[in-house]
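Coordinates in review
The residues making up each chain are set out below.
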Amino acid sequence: MAVTVEELSFDSTSAEATEEFLSTAYTPMRIGKSAADARTRISRRAAGPLNVDRLSFGYDMAYDAESLGRVCLLSIHAGTVVDRSGADGEQEERVFGPGETFLIAPPDAPYRGEVRSARYTIAMFDTALLDAVAPVGAGGAPVRLTGLRTVDEAANKQLGAAVAYVRDHVLDNPAAYGNELLVTTAAQHLAAATLAALPHTGRTGPVPADRTDATPATLRRAIAFVEANADREISLADIAAAAFVTPRALQYAFRRHLDTTPLGYLRRVRLDAAHRDLLAADPATATVTGIAMHWGFAHPGHFASLYRAAYGRSPGRTLRLRD
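Residues numbered from 1 in each chain as written. Predicted model: local features only at pLDDT ≥ 70, side-chain atom pairs only at ≥ 80, totals over all residues. Heavy atoms only, no water.

This next bit is on helix α3 (residues 153-171). When the terminal C-alpha atoms of α3 are compared, their 26 Å separation across 19 residues agrees well with the 27 Å that a helix rising 1.5 Å per residue should span. Within the span of α3, buried status applies to Ala155, Asn156, Leu159, Ala162, Val163, Tyr165, Val166, Arg167, Val170 and Leu171. Buried residues along α3 sit against β3 (40-47), β4 (50-57), β6 (71-83), β8 (101-103), β9 (111-125) and α4 (180-197). A distance of 3.2 Å separates the backbone nitrogen of Ala154 from a side-chain oxygen at the start of α3, and that oxygen is part of Asp152. (Helix = DSSP H or I, 4+ residues; strand = E, 2+ residues; numbered from the N terminus. Expected span 1.5 Å × (residues − 1). Buried < 20%, exposed > 50% of the residue type's maximum accessible area, 1.4 Å probe, protein only. Contact = heavy atoms within 4.5 Å. Polar contact = N/O pair within 3.5 Å; in protein donor to acceptor, adjacent residues only side chain to side chain.)

Next up on the list: the side chain of Arg270. Mapped onto the secondary structure, Arg270 falls in helix α9 (residues 262-280). Although buried, Arg270 forms no salt bridge, and the nearest oppositely charged side chain, Asp231, lies 7.4 Å from it. Residue contacts for Arg270: discarding those within four places in its chain leaves Leu181, Thr185, Ala230, Arg232, Ile234, Trp295 and Phe297. (Lys, Arg positive; Asp, Glu negative; His and termini not counted. Salt bridge = Lys/Arg side-chain N within 4 Å of Asp/Glu carboxyl O.)

When you line up the elements, Gly147 lands in the loop between α2 (128-133) and α3. Sequence separation between Gly147 and Arg167 is 20 residues, and the spatial gap between their C-alpha atoms is 23 Å. Setting aside residues up to four positions removed in sequence, Gly147 forms contacts with Leu103, Leu198 and Pro199.

Pairing of β6 with β9, which is carried by 11 bridges, proceeds in the antiparallel orientation. Note on β9: the bridge partner recorded for Leu74 is Ile122. Where β6 and β8 come together, 3 bridges link them in antiparallel fashion. Opposite Leu73, over in β8, you have Leu103 as the bridge partner. Bridge count for β6 against strand β7 (residues 94-96) is 3 bridges, and the pairing is antiparallel. Its bridge partner lying in β7, Val81 is registered against Phe96. (Pairing = 2+ DSSP bridges.)

Here it is in structure tokens:
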């Protein structure tokens with residue numbers, strides 16, 4: 001099924017027009033400016049559960065906004081963003097600067113703060129994706145993000161790289177347009193990177209029942225489902241449902257018996273499928289990039305690295321074997 005990439009843009013020096021646009025594109029909000037020239041530039045590309053926006057404010061702007069209802073990550077390139085939402089009813093000021101990637105607010109909470117002559121990228125996705133990729137659960141309850149900043153600097157870099165990957169190699173890449181598998185795989189990748197980087201309620205281990213269910217039979221059911229559906233959009237929750245166990249038990253089964261994760265195994269199955277396609281393709285009409293994207297790999301360099309590690313040669317060399 002094809003995925004349509006939607007685009008919109010905004011360029012104005014009117015604070016009133018900016019407030020109206022932000023309230024329509026994000027959530028109802030009130031803004032205040034402290035400069036005569038209120039130049040604002042915003043561009044958006046959206047597909048499926050994802051949207052990535054580029055924003056540039058040439059002035060200082062305060063905001064007071066309602067909840068977004070989605071996960072919203074900011075990667076700052078210049079200037080600063082100040083959060084004044086507070087925590088547990090307390091007033092607290094947190095300043096984020098260039099190089100930082102963070103959560104603007106919990107999806108169900110209002111937020112307030114200030115943008116100070118800042119240029120940044122926003123990546124937003126549906127909260128349901130967090131539960132779909134969560135490696136462990138929280139007693140069956142939905143996973144909730146519990147902090148705005150990443151757990152450490154390494155996590156900050158990884159989350160920033162995930163946002164840039166979705167922006168540059170998926171939503172900014174015309175060759176990726178219309179590829180549902182590519183978009184959904186990228187969305188799952190960003191959600192998984194978010195859980196790996198930010199504190200959340202799902203940081204618990206498997207319970208005894210999950211360990212009991214992590215059997216070879218569970219693994220066989222999961223593998224059969226993955227191999228039969230690797231060309232479709234599937235999530236951790238889908239694989240667990242097909243294996244008749246919880247996502248926690250599924251994760252534990254793959255770790256116990258294969259030393260990998262269910263989504264890591266899915267990626268390897270797709271890599272093997274791409275390998276078979278490269279072997280069978282006509283190099284006069286097929287490309288490595290096209291085959292990689294067909295199986296959900298948007299970043300050519302990352303695909304080539306995974307392929308070389310698995311098969312000991314470049315994907316281009318495999319494609320040329322028929323010559």
